[in-house]
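Now for the letters of each chain:
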Amino acid sequence: MASPASSDHARLLGLHREAVALFGSRVHAVRPDQWDLPTPCAEWSVRDLVNHLAVEQLWVAPLVAEGRTIADVGDAFDGDVLGAGPVGVWDTAVAAAVAAFAEPGALDGTVHLSYGKTPAAAYCSQMVADAVVHSWDLSRAIGADERLPDALVEAAAREFGGYADQLPPSMFDAPVEVPDGADAQTRLLAMLGRSV
């Protein structure tokens, strides 16, 4: 019988795979003339947004699988990592991240983030939440389906709900008000400054 921790980890890995697959489906839908379009993220184009998520995925293997620190990695992932083949870079980055998180025992460890040591499972949860919200951003920017799966909305709301009001303005805009009876996706997006 699986332990509660291993069941939680299996569920978290599933959510991560689903979240990055959702974002990836939108990356694959970006037309050549859409990379410079604006997104709901202030000052980020579609390319900037995809680059942000690709960089996040590129960090996973060094931090989780190799136990390296941010200082060890240095500036390897600074700037634009997408080059001439952004879709291929995304696919490669996300495959490595999924594999790193799925290594036996990976989610039982800790990672060295900018604010200190963090449980790898908490790091993975943060990655899920970020990919979910940015999937909506990318969908809106390119005119794709903006509906997010309920399980991903729930996971992101659970993650951000504990500290959304403490995030610096550089990460997300201030919360916006929602009408009574707003659905879970609308409430999640509003918590992070997005008007639906």
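Details of the structure are given in the entry above.
Only a predicted model underlies this, so the values are computations on that prediction, with no experimental measurement involved.

**Some remarks on the packing of helix H5 (residues 120–142) against helix H6 (residues 150–161)**
Taken N-terminus to C-terminus, the directions of H5 and H6 make an angle of 120°; their axes are 9 Å apart at the nearest point. Here H6 runs oblique to H5, going by the angle between their axes. Both H5 and H6 take part in a crossing whose hand is left-handed. Residue-level contacts link Ser125, Gln126, Val128, Ala129, Asp130, Val132 and Val133 of H5 to Leu152, Ala155, Ala156, Glu159 and Phe160 of H6. Here the contact of H5 with H6 is composed, by residue class, of eight nonpolar, two polar and two charged.

**Regarding the nonpolar core**
With 59 residues, the main nonpolar core has Phe101, Tyr123 and Leu138 as its most contacted residues. Here this core gets 14 residues from one element, more than from any other, and that element is H5.

**Remarks on the pattern of salt bridges**
Applying the stated criterion across every chain yields a total of seven salt bridges. One salt bridge connects Asp137 with Arg194, and the closest N-O pair in it is separated by 2.7 Å. Remark: Arg194 occurs in the segment after helix H7 (184–191) and Asp137 occurs in helix H5; sequence separation between them is 57 residues. Put simply, Arg147 and Asp183 hold a salt bridge, and the shortest N to O gap is 3.3 Å. You can see Arg147 sitting in the loop between H5 and H6 and its partner Asp183 sitting in the loop between H6 and H7, a full 36 residues away along the chain. On the accessibility criterion, Asp183 (34% relative accessible area) is partly exposed.

Reading guide: rules and limits
Residues numbered from 1 in each chain as written. Predicted model: local features only at pLDDT ≥ 70, side-chain atom pairs only at ≥ 80, totals over all residues. Heavy atoms only, no water. Axes fitted to C-alpha atoms, helices over the stretch in contact; angles between N-to-C directions. Helix = DSSP H or I, 4+ residues; strand = E, 2+ residues; numbered from the N terminus. Parallel < 35°, antiparallel > 145°, perpendicular 65-115°, else oblique. Left-handed = near helix turned anticlockwise from the far one by under 90°. Contact = heavy atoms within 4.5 Å. Nonpolar A, V, L, I, M, F, W, Y, C, P; charged D, E, K, R; others polar. Core = buried A, V, L, I, M, F, W, Y, C linked by side-chain atoms within 4.5 Å. Buried < 20%, exposed > 50% of the residue type's maximum accessible area, 1.4 Å probe, protein only. Salt bridge = Lys/Arg side-chain N within 4 Å of Asp/Glu carboxyl O.

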